[in-house]
Amino acid sequence: MGRDDLPVMSRPETLRGHVEGFLREAIMNGRFAPGERLIERELCDYLKVSRPPLREALRKLEAEKLVVIVPHRGPVVASLDMAEARELYALRGLLEGFAAHEFARLATTKEITALEKAVKNLHKQASNPDRRELIEAKSKIYDVLLGGCGNRLITEVLHGLLTRINLLRATSFSRPERLHESLAEIDELLERIKERDSEGAQRMATLHIKNAENAAMEMLESSTT
């Protein structure tokens, strides 16, 4: 880790939030790999913080299932096996398909315009070598979609899964051709929404997630063989 990556932590009341955000981002972009130990002493020295805010942040990430506490090893970056990944994609497909259906039916013109803007930004970030920007751009699409679907419970559940979804999303983007395929699917989803085709939007969202699952499974299989 280089010093240029250090987050700014100048306000004591947000110290834990900064540590939490740094660790979450480091896990999301692969700086800390699945199964890697998170050594408290090294992190404290690097982030220039004491152990209490670091441990609070680790507990929050443990609740999000990004970190697991292993006896005699301490905090370790979580990993997903094939079965867990398939379960997550199955749930994601159901919820996001319904969210797309309801967004196409209920979203205001302003919300659809915001979605179109978010999709354009995703295309822009596709050529950005910084994978963090790409993942953030995809997350913005989901923020707009969930914000306009009219179902707070689905939004709450999916936001609770977002961090784990991001782990799998990063994996599914790893196959070079998947990004191009993903952009085309999202463009088609946007067209279905703009036409107020709620059934078509649901089918496209479900297909997009199924294709992402297939790509992620390929990468997970190759990493275990």
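Thresholds, definitions, all that
- Residues numbered from 1 in each chain as written.
- Predicted model: local features only at pLDDT ≥ 70, side-chain atom pairs only at ≥ 80, totals over all residues.
- Heavy atoms only, no water.
- Core = buried A, V, L, I, M, F, W, Y, C linked by side-chain atoms within 4.5 Å.
- Buried < 20%, exposed > 50% of the residue type's maximum accessible area, 1.4 Å probe, protein only.
- Helix = DSSP H or I, 4+ residues; strand = E, 2+ residues; numbered from the N terminus.
- Contact = heavy atoms within 4.5 Å.
- Expected span 1.5 Å × (residues − 1).
- Polar contact = N/O pair within 3.5 Å; in protein donor to acceptor, adjacent residues only side chain to side chain.
- Phe/Tyr/Trp six-rings, centres within 6.5 Å; stacked < 30°, edge-to-face > 60°.
- Salt bridge = Lys/Arg side-chain N within 4 Å of Asp/Glu carboxyl O.
- Pairing = 2+ DSSP bridges.

Chemist: Quick question: what am I supposed to make of the nonpolar core here?
Modeler: Soluble, globular proteins show a tendency: their nonpolar side chains are buried together. In this structure, F103, L115, L122, I141, L189, I193 and A201 are the most contacted members of the largest nonpolar core, which totals 23 residues. Of all the secondary structure elements, the ones that give two or more residues to this core are α4 (82-106), α5 (109-125), α6 (131-147), α8 (176-194) and α9 (198-223). With 6 residues, the single largest contributor to this core is α8. The residues touching I193, leaving out its near neighbours within four places in the chain, are F103, A104, I112, L115, L145 and A201. Counting 20 residues, the second largest nonpolar core, distinct from the first, contains V19, I27, L38 and V77.

Chemist: Please explain α8 as it appears in this structure.
Modeler: Since the α-helix turns once every 3.6 residues, residues separated by three or four places project in the same direction. Taking 1.5 Å per residue, 19 residues should reach 27 Å; α8 reaches 29 Å between its end C-alpha atoms and fits that length. Among the residues of α8, R178, L179, S182, L183, E185, I186, L189, L190, R192 and I193 are the ones counted as buried. Taken from the residues just after α8, R196 is the one with a positive phi, measuring 60°.

Chemist: What is the right way to read the side chain of T155 from this model?
Modeler: Along the chain, the position of T155 falls in helix α7 (residues 152-172). Among the polar contacts made by the side chain of T155, one reaches the main-chain carbonyl oxygen of N151 at a distance of 3.0 Å. Those residues in contact with T155 that sit more than four places away from it in its chain are L146 and C149.

Chemist: Would you mind showing me how to read the packing of aromatic side chains here?
Modeler: Between two aromatic rings, the relevant description is the distance of the centres plus the angle of the planes. Across all of its chains, the model carries 1 aromatic pair by this definition. Aromatic side chains F22 and Y46 sit 5.7 Å apart centroid to centroid with 45° between the ring planes, which places their arrangement in the tilted category. Here F22 is found in helix α1 (residues 15-28), whereas its partner Y46 is found in helix α2 (residues 40-47), with 24 residues between them in sequence. With respect to burial, F22 and Y46 carry one shared label: buried.

Chemist: So what exactly am I meant to see when it comes to the pattern of salt bridges here?
Modeler: When the charged atoms of two side chains lie near each other, side chains of opposite charge can form a pair. Taken as a whole, this structure holds 17 salt bridges when the rule is applied. As a salt-bridge pair, R192 and D197 come within 3.4 Å of each other at their nearest N and O atoms. A relative accessible area of 16% places R192 in the buried class. Three or more residues are tied together by salt bridges with common partners; here these are R16, E20, R24, K60 and E64.

Chemist: Just checking my understanding: could you explain the pairing of strand β1 (residues 67-70) for this structure?
Modeler: Within a regular strand, the side chains alternate between the two sheet faces. Where β1 meets strand β2 (residues 74-77), 4 bridges bridge the pair, whose relative direction is antiparallel. Paired with V67 across the bridge in β2 is V77. If you look at the hairpin formed by β1 and β2, you'll find 3 residues sitting between the two strands, and H72 has a positive phi there, around 70°.

Chemist: Sorry if this is basic, but what is going on with the environment of A57 here?
Modeler: Turning to its location among the elements, A57 is positioned in helix α3 (residues 51-63). For A57, a relative accessible area of 0% gives the class buried. On a C-alpha basis, the gap between A57 and L15 in space is 9.5 Å, while along the polypeptide they are 42 residues apart. Residues contacting A57, with those up to four places away along its chain left out, are R16, V19, E20 and L23.

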